[in-house]
Amino acid sequence: ATDSPAYATNLANFFFGLGAFLTPVFVAFLFGRAGFSKSLILLAGAVLITGVLAGFSQFQLPQAGGAEGEAPGFMTVLADPMIWILGFCLFFYGPLEASVAAWSTTIMTEKGISEKTAGWLLSGFWLAFMASRLATAVGVSQMSLTTGWETPWIIILSVVSIGVLAAMVRSRNAGIGVATVVLAGLVFGPIFPTVMGVLLGHFDPAVQGRAVGLFFAIGG
């Protein structure tokens, strides 16, 4: 399972999301207890520790491939159909995640849920979002999957997301609305890191930087 790039990206994005979720909560708590100046000093110290540790890291750049020892050129990556397929996956997925994150509280209040409960519900969306990424990584590891599972998994999640979003918009029941927001987090979570894993698994390490750049250029 550790040979699967999508396993690594799902696991890495879980920790990335965990930090994004917990840090604002911690900062708000810190400001309330220690004040603005002391809080900034503590946060700067935490960042400095990370920077110092990064300075001792050793990075091994991938060697260029090809018969003449040169990496494929920019146009070769751009002409690869996979960069366009995966780029358009991000193109259509990105607005879904952003829209649900931005508008779920508004949708829930329109269904009769209080603003406070809707705010907690948004936290539930992000927790489910992170949990599904971790569950995907653990599932891949436990089943010893290496390759071939990514495409069916992306398709299944994409089809289920259509039903979840349709239920979220059309349902007038508050309970169903709450369930769909949490389900959206579960469904959306693994899509991006799995697509990213397919991208990294498809392209030679020497051109992965170019591929990722194009991926975000097309998808963004």
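Residues numbered from 1 in each chain as written. Predicted model: local features only at pLDDT ≥ 70, side-chain atom pairs only at ≥ 80, totals over all residues. Heavy atoms only, no water.

A. The overall build of the protein chain, seen in detail. A tally of helices and strands in the protein chain yields 9 helices and 0 strands. Start at the N end of the protein chain and walk to the C end: the helices and strands fall as α-α-α-α-α-α-α-α-α. C-alpha atoms of the protein chain, sized along the principal axes, occupy 65 × 50 × 35 Å. The proportion of buried residues among the 220 residues of the protein chain is 33%. Taking all contacts inside the protein chain whose residues are at least 6 apart in sequence as the whole, residues at least 24 apart take part in 78%. Put simply, the protein chain shows about 12900 Å² of open surface, and 70% of that area lies on carbon and sulfur atoms. Treating the 8 positive side-chain charges of the protein chain as one cloud and the 9 negative ones as another, the clouds have centres 24 Å apart. (Helix = DSSP H or I, 4+ residues; strand = E, 2+ residues; numbered from the N terminus. Buried < 20%, exposed > 50% of the residue type's maximum accessible area, 1.4 Å probe, protein only. Contact = heavy atoms within 4.5 Å. Areas by Shrake-Rupley, 256 points an atom, 1.4 Å probe, with all protein chains shown as cover. Lys, Arg positive; Asp, Glu negative; His and termini not counted. Charge placed at Lys NZ, Arg CZ, Asp CG, Glu CD.)

B. Representation of the packing of aromatic side chains within the structure. Applying the stated criterion across every chain, the model contains 13 aromatic pairs. With 6.1 Å between their ring centres and 50° between their planes, Phe192 and Phe216 make a pair best called tilted. Here the residue Phe192 occupies a position in helix 8 (residues 191-202), and Phe216 occupies one in helix 9 (residues 208-219), the gap between them amounting to 24 residues. With a relative accessible area of 40%, Phe216 lands in the partly exposed category. (Phe/Tyr/Trp six-rings, centres within 6.5 Å; stacked < 30°, edge-to-face > 60°.)

C. Structural context of helix 8. In this model helix 8 runs 17 Å from its N-terminal to its C-terminal C-alpha over 12 residues, within 8% of the 16 Å that 1.5 Å per residue would give. Most of helix 8 is tucked away, with 9 of its 12 residues classed as buried. Turning to helix 8, its buried residues number three or more, namely Ile191, Phe192, Pro193, Thr194, Val195, Met196, Gly197, Val198 and Leu199. The inward-facing, buried residues of helix 8 contact helix 1 (5-34), helix 4 (81-110), helix 5 (115-142), helix 6 (150-170), helix 7 (174-188) and helix 9. (Expected span 1.5 Å × (residues − 1).)

D. Region of interest: the layout of surface pockets. A volume near 230 Å³ is recorded for the largest pocket. If you trace the largest pocket, you find 14 residues lining it, with Phe16, Glu97, Trp126, Phe129 and Arg133 closest to the centre. For the lining of the largest pocket, the elements supplying multiple residues, two or more each, are helix 1, helix 4 and helix 5. The biggest single contributor to the lining of the largest pocket is helix 1, with 5 residues. (1 Å grid on protein atoms, 1.4 Å probe; cavity = no way out; pocket = protein on both sides within 12 Å on 5 of 7 lines; lining within 4 Å. Points joined across faces, edges and corners; volume = space filled by probe spheres on them.)

E. Molecular detail of a nonpolar patch on the surface. On the surface, Trp84, Phe88, Phe91 and Phe92 cluster together to form a nonpolar patch covering roughly 420 Å² of accessible area. Following the sequence through the fold, Phe88 ends up in helix 4. The class for Phe88 is partly exposed, based on a relative accessible area of 37%. (Patch = residues over 30% accessible without salt bridge, like charges linked within 9 Å, V, L, I, M, F, W, Y side chains within 5 Å. Salt bridge = Lys/Arg side-chain N within 4 Å of Asp/Glu carboxyl O.)

F. Summary view of the nonpolar core. The biggest cluster of nonpolar side chains holds 34 residues, and the ones touching the most others in it are Ile83, Phe125, Phe188, Leu199 and Phe215. Those elements that provide at least two residues to this core are helix 4, helix 5, helix 6, helix 7, helix 8 and helix 9. A per-element tally of this core places helix 4 first, with 7 residues. Setting aside residues up to four positions removed in sequence, Leu199 forms contacts with Ile83, Leu86, Ala211, Val212 and Phe215. Among the nonpolar cores identified, the runner-up in size contains 5 residues, and Tyr7, Ala137, Val140 and Trp149 belong to it. (Core = buried A, V, L, I, M, F, W, Y, C linked by side-chain atoms within 4.5 Å.)

G. Structural detail: helix 1. With 30 residues, helix 1 should reach 44 Å at 1.5 Å per residue; the first-to-last C-alpha distance of 42 Å fits that figure. Within helix 1, burial applies to Ala6, Tyr7, Thr9, Asn10, Asn13, Phe14, Gly17, Val27 and Leu30. Those residues of helix 1 that are buried lie in contact with helix 2 (36-55), helix 5, helix 6 and helix 8. Following helix 1 by one or two positions, Gly35 adopts a phi angle in the positive range, close to 90°.

H. Layout of the side chain of Thr194. Relative to the helices and strands, Thr194 resides in helix 8. Residue Thr194 is classed as buried on the basis of its relative accessible area of 0%. Looking at Thr194, its side chain comes within polar contact range of the side chain of Asn10, at 3.2 Å. The residues contacting Thr194, other than those within four sequence positions of it, are Ala6, Thr9, Asn10, Trp149, Glu150, Trp153 and Ile154. (Polar contact = N/O pair within 3.5 Å; in protein donor to acceptor, adjacent residues only side chain to side chain.)

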